[in-house]
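The chain contents come next:
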Amino acid sequence: MSVTPTPSKDFIREIIDEDLATGKHDSTVTRFPPEPNGYLHLGHAKSICLNFGIAQEYGGRCHLRFDDTNPTKEDVEYVDSIKEDIKWLGFDWGNHLYFASDYFDKLYEWAVHLIKEGKAYVDEQSAAEMKANRGDLQSPGTESPYRDRPIEESLDLFQRMKAGEFEDGRMVLRAKVDMAHPNLNMRDPVLYRIVHAEHHRTGDKWCIYPMYDYTHGQSDALEHVTHSLCTLEFENHRLLYDWFLENLPVPSRPRQIEFSRLNLNYTVMSKRKLLQLVTEGHVSGWDDPRMPTLCGIRRRGYPPEAIRDFCKTIGITKFQSTNDFALLENAVREVLNREAPRYMAVLDPIRVVIANYPESQVEEMEAVNNPEKPEAGTRLVPFSRELFIEREDFMEDPPKKFFRLSPGAEVRLRSGYFIRCEEVIKDANGEIVELRCTYDPTTRGGENPADGRKVKATIHWVSAAHAIEAEIRLYDRLFMTEAPDRGEGSFLDHLNPDSLKVISGAKLERHLAAVAPGETVQFERLGYFCTDKESAAGALVFNKTAGLRDAWAKAKDQG
RNA sequence: AACUCCGUGGUGUAACGGUAGCACAACAGAUUUUGGUUCUGUUUGUCAAGGUUCGAAUCCUUGCGGGGUUGCCA
């Protein structure tokens with residue numbers, strides 16, 4: 001009798017277990033709080049899987065809340081794409097869609113409350129003065145000359161800030177905490193700034209906007225969030241987060257817990273850098289299949305299930321780490337190996353003529369759609385006298401470990417016949433243009449012949465007369481070095497010049513004309529591919545999602 | 001050298017004072033109508049030094065190393 005090991009939980013789920021056990025909470029409420037100022041990427045996927053995953057596991061709720069407190073950077077365009085990406089990943093916020101801007105009235109009311117309590121004041125120092133008086137990591141700051149102004153005066157000024165009497169930057173509302181605090185966030189943080197800008201939801205109702213620190217915890221409290229999960233860079237903000245909750249009449253007490261953000265080698269993950277890749281044209285857009293954005297990997301053909309599996313395996317911890325890209329690719333291959341229907345496609349064709357095959361004969365060969373999934377059934381693939389095979393699958397002068405086609409050698413055509421190469425035909429430049437072969441009629445379907453003869457390799461093929469053509473886009477990693485972020489120079493210095501190779505005139509079996517958008521298939525022996533959004537009926541375009549593991553490539557490299 | 005968080009194979013992650021395990025990667029072999037998949041095996045680890053303890057990755061001390069923080073961004 002084997003004991004089923006209890007699956008280990010990350011430290012956040014352990015905290016939740018305890019909060020539930022002690023009765024501190026009787027259910028969980030988490031939230032995913034993106035700012036609508038950019039596209040979601042794999043790092044967000046980690047957070048989404050955590051927050052929505054907890055809701056699923058504990059029967060709790062997960063809110064989608066847009067942190068829209070900075071109208072100069074935010075836009076509805078991003079709101080829509082973010083929702084789409086979360087749905088694609090497989091999560092659902094139900095009717096718990098919120099915006100921090102929904103709370104602007106309450107937040108204003110609470111700001112007035114703080115002023116009345118003597119815990120906030122209107123500061124008329126310029127931004128430069130404030131910076132100078134903040135002190136630094138080693139030394140304490142200097143209190144503002146406006147810090148102890150009468151409460152009534154701050155109340156009046158704050159009301160007039162709201163009324164639009166002052167230009168941007170003229171004054172701010174600050175909390176009165178401690179200018180000597182070792183945590184800089186506690187040195188009288190700004191609560192409100194004046195920004196005369198139209199907000200994507202509140203329009204021109206406001207010309208003062210609350211800061212992140214003043215908004216986030218109170219929004220959590222208003223939504224009765226129990227566990228507010230964020231990345232490590234907010235660790236230093238937790239003290240402030242708690243300060244607001246302690247000094248305001250909030251309806252609940254959420255707890256902020258920080259975890260380490262996702263890092264992947266051979267890629268960059270910061271919004272700024274991704275934006276730069278797009279604006280400077282190093283990639284075709286946010287959804288370029290080489291981008292780590294969710295729309296990018298979707299277009300690349302990565303299944304959402306693989307992303308969820310990946311997030312599960314990398315886990316949640318507090319220490320910074322860099323995950324191997326191979327781990328992601330492995331998750332992708334695992335799902336695709338199980339699910340993707342197989343087809344044959346020849347990317348770099350070389351003509352094969354089967355001399356002893358009847359000139360006008362066409363046989364419909366039965367091919368297995370997915371050996372991992374018998375219920376996927378079979379399909380018919382036409383076989384004829386003239387075929388295309390992969391140029392790479394033939395070598396005129398092969399090394400000892402090369403098992404495929406070469407002069408005098410025999411291979412199996414998958415679901416076809418055994419063929420033997422009898423003659424190599426070259427053009428004036430010595431370039432191989434055609435292979436003359438013979439086939440063994442007793443090997444129909446690729447069966448081993450009765451004489452016990454075996455072949456060491458099986459290769460893919462397409463009937464020349466029946467093939468359809470397509471453009472194939474082959475992607476490799478965007479960066480050549482493991483940590484393009486680090487070291488000297490720009491991360492752009494590490495861009496891989498060969499991250500995209502376009503092949504035109506690839507020969508595909510006819511069924512590939514009908515691959516549905518969003519479906520990823522396997523080209524046998526080559527890898528996984530999906531149709532691109534630019535693919536059209538007469539002009540098919542496929543993206544390479546990931547290659548198959550290639551033991552031959554390794555053996556070849558080792559000599 | 002302020003405050004704070006964190007150090008487990010190549011990478012990531014478990015072990016909650018009691019045999020350092022798992023995944024990925026790498027390597028070797030078996031199977032195979034995909035040089036895929038699958039299966040088997042191998043290599044490699046507790047940052048360091050002290051201390052507490054019958055027993056320490058785990059607790060304590062010191063050192064070393066890494067991250068974060070000086071926006072009217074989030």
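See the structure printed just above.
A short tour of the structure in this document, coming up.

Definitions and cut-offs
Residues numbered from 1 in each chain as written. Chains lettered and ligands numbered in written order. Predicted model: local features only at pLDDT ≥ 70, side-chain atom pairs only at ≥ 80, totals over all residues. Heavy atoms only, no water. Pairing = 2+ DSSP bridges. Helix = DSSP H or I, 4+ residues; strand = E, 2+ residues; numbered from the N terminus. Contact = heavy atoms within 4.5 Å. Axes fitted to C-alpha atoms, helices over the stretch in contact; angles between N-to-C directions. Buried < 20%, exposed > 50% of the residue type's maximum accessible area, 1.4 Å probe, protein only. Near = heavy atom within 4 Å. Polar contact = N/O pair within 3.5 Å; in protein donor to acceptor, adjacent residues only side chain to side chain. Nonpolar A, V, L, I, M, F, W, Y, C, P; charged D, E, K, R; others polar. 1 Å grid on protein atoms, 1.4 Å probe; cavity = no way out; pocket = protein on both sides within 12 Å on 5 of 7 lines; lining within 4 Å. Points joined across faces, edges and corners; volume = space filled by probe spheres on them.

Before going further, it helps to spend a moment on the sheet that holds strand S21 (residues 468-475). By definition, the strands of a sheet pair up through backbone hydrogen bonds, in either a parallel or an antiparallel sense. If you trace the seven strands from one edge of the open sheet to the other, you get S10-S23-S24-S25-S21-S22-S11, paired in mixed fashion. The sheet is open, and its two borders are formed by strand S10 (342-343) and strand S11 (345-346), each paired with just one other strand. Both S21 and strand S22 (residues 500-508) contribute to a ladder of seven bridges, which runs antiparallel. Within the sheet, the bridge partner assigned to Ala 470 lies in S22 and is Ala 506. Contacts from helix H12 (residues 325-339) reach S10, strand S23 (520-523), strand S24 (527-531) and strand S25 (540-547) within the one sheet, and its direction differs from that of S25 by about 115°.

Attention shifts here to the environment of Gly 281. Residue position: Gly 281 is located in the loop between helix H9 (271-279) and helix H10 (294-300). By relative accessible area, which is 52% here, Gly 281 ends up exposed. Each C-alpha atom, one on Gly 281 and one on Asp 17, is 47 Å from the other, the two residues being 264 residues apart in sequence.

Next up on the list: the protein's contact with RNA strand B. Lining the immediate environment of RNA strand B, one finds 68 residues, of which Glu 14, Arg 342, Gly 445, Gln 522 and Arg 549 sit closest. Near the protein, within 4 Å, the atoms of RNA strand B are sugar or phosphate in 63% of cases. At 2.9 Å, a backbone N or O of Phe 403 approaches a base oxygen of RNA strand B. Within the backbone of Trp 552, one N or O atom sits 3.4 Å away from a sugar or linking oxygen of RNA strand B. Residue classes in the surface near RNA strand B are distributed as 21 nonpolar, 23 polar and 24 charged.

Under the counting rule described, the total for this entry stands at two cavities of 30 Å³ or more. Lining the largest cavity, in full, are Val 381, Pro 382, Val 462, Ser 463, His 466, Ala 467, Leu 508, Glu 509 and Arg 510. Within the residue set of the lining of the largest cavity, elements represented by two or more residues are strand S14 (378-383) and strand S20 (461-463). For the lining of the largest cavity, the class distribution of residues is five nonpolar, two polar and two charged. In this structure, the second largest cavity occupies an estimated 40 Å³ of space. Around the second largest cavity sit Tyr 212, Asp 213, His 216, Gly 217, Phe 234, His 237, Tyr 241 and Gln 256, which together line it.

Looking now at the layout of surface pockets. Each pocket or cavity is described by its volume, and for the second largest pocket that value is around 820 Å³. Around the second largest pocket sit 30 residues that line it, and Pro 33, Glu 35, His 44, Phe 234 and Lys 271 are the ones nearest its centre. When residues of the lining of the second largest pocket are traced back to their parent elements, those giving at least two are strand S1 (29-32), helix H2 (42-58), helix H7 (212-222) and strand S8 (227-231). Counting residues per element, the lining of the second largest pocket draws most heavily on H2, at four residues. Here the residues of the lining of the second largest pocket are counted per class, giving 11 nonpolar, 10 polar and nine charged.

By themselves, these observations are geometric and do not establish any function.
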